Structure formats: structure tokens, C-alpha cells
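What the coordinates show
One-letter residues, chain by chain:
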Amino acid sequence: MILYNDPHRHNQYYQQEIKQAVNDVLNSSHYILAHHVNCFETEFAQYLQVKHSIGVASGTDALHLSLLALDIGLGDEVIVPSHTAVATVAAIKLVGATPVFVDIDKTFCTLNPRQIHNAITKQTKAIIVVHLYGSPADMQALLNIAQQYQLELIEDCAQATGARYQGQAIGSIGTLGCFSFYPTKTLGGIGDGGAISCNNTELANRIRSLRQYGWDSQHISHEVGLNSRLDELQAAILRVKLRHLDSDNQMRIQLAQNYTQAFTDLPIDIIQVQEGASHVYHLYVIIVPQRDALVKHLKKANIIAGVHYPIPVHKMPAFTASLTHQHLNITEKMAAQVLSLPLYVGLSNTEQTKVINSVREFFTSF
Ligand SMILES: Cc1ncc(COP(=O)(O)O)c(C=O)c1O
């Protein structure tokens, strides 16, 4: 069976280093917000070239805490794509604000800057941009809009740790960057985890307080906060994985290139990469009108493809009351046609060849 993602295979590469990291935590007597979290935060901030990185419990919490720290809440609107993981939008609802859906671009599958202007109202406070599948969005255009309308630009980097845009790490460009370390992500732990990156010290201090009951250094709460701390075990493991992140992402890029080359003569559309950006291929996504038939065909060959995402967030019952000022035509087309092929660190050449042959067989059998 070939899965579209297999974090165990990835972690096998670093088994000895990971075991050492876990033992190190076990043998210490500090399991929460101690040595490894401090070191990880410093190392991750250095990696991104930002002033601050704050470890939190998940990517969802990173988004939630970011919105809280920016004082976004009831009565405020936040522009967001619907073609994303539900967590991106859930965070907006969790602070009581209103998600305003804007369509994506058909070439890049990320927020379409040209569609944003007519979604902005007096209530709009922020844009959450998602670097979907590992591919940076059109940050220059989004920065221009954010500046023009004085909006906060929050980067959802959950799927794109290690990707770059015009020489800058994603997560270092907007007001705040939100990361997920869910096991399948490009930088994945062995459990849940997340981080927020930023260059604003006041904002960073507020997030540090909000992730722990709103406490100050004397454990006095000045506002109501969450319990959302990255734990020592995950931090120790993430320190190991961070050391290998760039070379791991190179392996992903190589696997993606193999697919792209193998499919040049097939009627398959591939997500394009913004000029000056690097895509780190958390997922290798193809666009095919016969998607569901291809999923079935691959399954018969024991290849399990993924679909990210079959139901756009605006069509889910929890989110139907959200606002949209436009038809989300591209979003709805993508929901019907996107397919994620197996790609992870540890996928062998033999396995990839099997996937390629099975995809080719599908198209030549028409
Ligand atoms: C784009 C995006 N945003 C946010 C999240 C939420 O991250 P987590 O699962 O760590 O809460 C995810 C993870 O699925 C994601 O893919």
C-alpha cells in the first residue's frame, strides 16, 4: 500500500536522533516550557530570520492566538480563502469574528488578490493568506492591499514550513506567521504542535502571555488566555527535524520534479509556483476533471491518493452563515478536481514509478 503521506517513513531516517531527544526530555525534570522549547524558539526564529517565535499547542491555536493578540473579535471581518483546511476559518469564528470568503487563483490555488478589493468593508481588520500545499501565495500583491487598507496580514504557513518568497522565509513577511507541526507537515512532530513568528516584540509578549492563561511573570492573569503550550517532547523532536528541514524539502522538490516530468504529455494541470518563490511540496496536487475515477483506479493498485479539500469550508454546516460577496467558482472547481499524489520523505523510486505508471495507465486507457 502506498499512502499519499507517511510520517513514520520520514521519522525512520532520524530515529536515533529522535530517540536521543526523547530520552533527554524524559531524564530531565522539566516537561513544560523549559530548555527544549526555549532552544527551539530561538532556533526557529533564526531559521525564519525573525525576532520572535513562540511555540504553541497546534496550528489552529497559532491562528486563534494571533487573532486574539491583534484584538480581532466580534463585529470584525477577516478575509480568508474557502479552499483551505477548516482550521484556518475556525480560528476566525473562535474569536467571534466573521470570515469573509474570497476566491482563489486558478493557477496558484491561493487567495486571488484581484478579488479582495470588493470584499473589503469598514469592518475588515485582517487577511489570512494560506500558503497552500507548500506553495507561497502572491505576497507582494497582498502586502500592497494590506498597506492600502491598513489591514493585518496573517500568514497561515501550516503547510509550507521552509518555503521562501523573494528570498524571505514565509512567515517572516506578514504581521504574523502561523505554523503547524502536525506529523505529516514539512516540519512535523510526533503529536500536535505549532508556532507563531513575528518581528513585533509587544505582540510577541502578548502572545506569550495569552498562550498561558494571560499570566505575567508572577502568574497573575491580566486577561483571559488559553493553555496552549508547545511541550518539551515535541520541541526536542522538532529541534532534530529542523536541522534536516532544508534537505528534507529538497527531497520533496526532487520527487515533485519527477512527477511533473513524467506527466508532461498527459492532460493534467499542475499548480504553478509564484515567480521568485519556492514550493516545498507538503502535497503534490494535480488538477483532473476525472478526479474521482482516478482515485478509484489508483486504489485498485493499492495507491491511496488524497483530496485536499473535497468540500470547501463555506459549504460546511458550521460555516454557512459566514459572508461572501462573490461566487467562489475556482474554489468549487478545485474541490471537484484536485488530487494529492503520494509524496513524502522516504517514498522510494520504485514506489514513485508505480504511482507514475498507474496514473499514465489511467489516461491511456481512455
Ligand atoms: C492550512 C492549515 N491551516 C491550519 C492547520 C491547523 O493546524 P493543526 O492541525 O496543527 O491545528 C492546518 C492543518 O491541518 C492546515 O493545513
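Quantities reported herein were computed from a predicted structural model and do not represent experimental measurements.

Conventions used here
Numbers given to residues run from 1 along each chain, matching the order in which its sequence is written. Whole-chain, interface and lining totals are the exception, using all residues; otherwise, since this is a predicted model, local features are given only for residues with pLDDT of at least 70 and side-chain atom pairs are given and counted only at 80 or more. The criterion for a residue being near a molecule or strand is simple: its C-beta atom, placed using the backbone, must lie within 6 Å of it. In this text, helices come from DSSP runs of H or I with a minimum length of four residues, and strands from runs of E with a minimum of two, each type numbered from the N-terminal end. Residue polarity is assigned by list, with Asp, Glu, Lys and Arg as charged and Ala, Val, Leu, Ile, Met, Phe, Trp, Tyr, Cys and Pro as nonpolar; anything else, Gly included, falls into the polar class. Domain start and end points were adopted from an automatic or database domain assignment. With C-beta atoms placed from the backbone, a contact is any residue pair whose C-beta atoms sit within 7 Å. Three exposure classes are used, all based on how many other C-beta atoms lie within 10 Å of a residue's own C-beta (placed from the backbone): buried at 20 or more, exposed at 12 or fewer, and partly exposed between those limits. Between any two strands, pairing holds if DSSP finds at least two bridges. When the strands point away from the viewer, a crossover counts as right-handed if the route from the first strand across the helix to the second turns clockwise.

Once that is clear, we can look at the site of the ligand. Close to the ligand lie 15 residues; G59, T60, A85, A158 and S180 are nearest. Sorting the residues of the shell around the ligand by element identifies α4 (59–69) and α5 (86–94) as the ones contributing at least two each. Among the residues making up the shell around the ligand, the classes are represented as five nonpolar, eight polar and two charged.

When its domains are assigned, the protein resolves into domain 1 (2–102 + 110–243) and domain 2 (245–364). On a C-alpha basis, the centroid separation for the pair domain 1 and domain 2 is 24 Å. Taken together, the contacts link 40 residues of domain 1 with 45 residues of domain 2. Looking at the side of domain 1 that touches domain 2, the elements with two or more residues in it are β1 (2–3), α1 (7–12), α5, β4 (98–102), β7 (164–165) and α8 (232–243). Looking at which element gives the most residues to the side of domain 1 that touches domain 2, the answer is β4, with four residues. Looking at the side of domain 1 that touches domain 2 residue by residue, the classes come out as 17 nonpolar, 16 polar and seven charged.

Once that is clear, we can look at the pairing of strand β5 (residues 124–130). Each regular strand shows side chains that alternate between the opposite faces of the sheet. Counting buried residues along β5, five of its seven residues qualify, which places the element largely inside the surrounding structure. Two elements, strand β3 (residues 77–81) and β5, share three bridges in a ladder whose sense is parallel. Among the inter-strand pairings, I79 is bridged to a residue of β5, identified as I127. In this structure, β5 lies alongside strand β6 (residues 152–156), joined through five bridges in parallel fashion. If you follow I127 over to β6, its bridge partner there is L153. In this fold, the crossover linking β5 to β6 by way of helix α6 (residues 139–149) has right-handed handedness.

This part is about unusual backbone geometry. Here H308 and Y309 are connected by a cis peptide whose omega angle stands at 15°. We note that D71 has phi near 60°; this positive angle belongs to a residue other than glycine. Examined against the element boundaries, D71 turns out to sit in the loop between α4 and β3. In this model, Y213 sits at a positive phi of 65°, which is unusual for a non-glycine residue. Within the secondary structure, Y213 is located in the loop between α7 (201–210) and α8.

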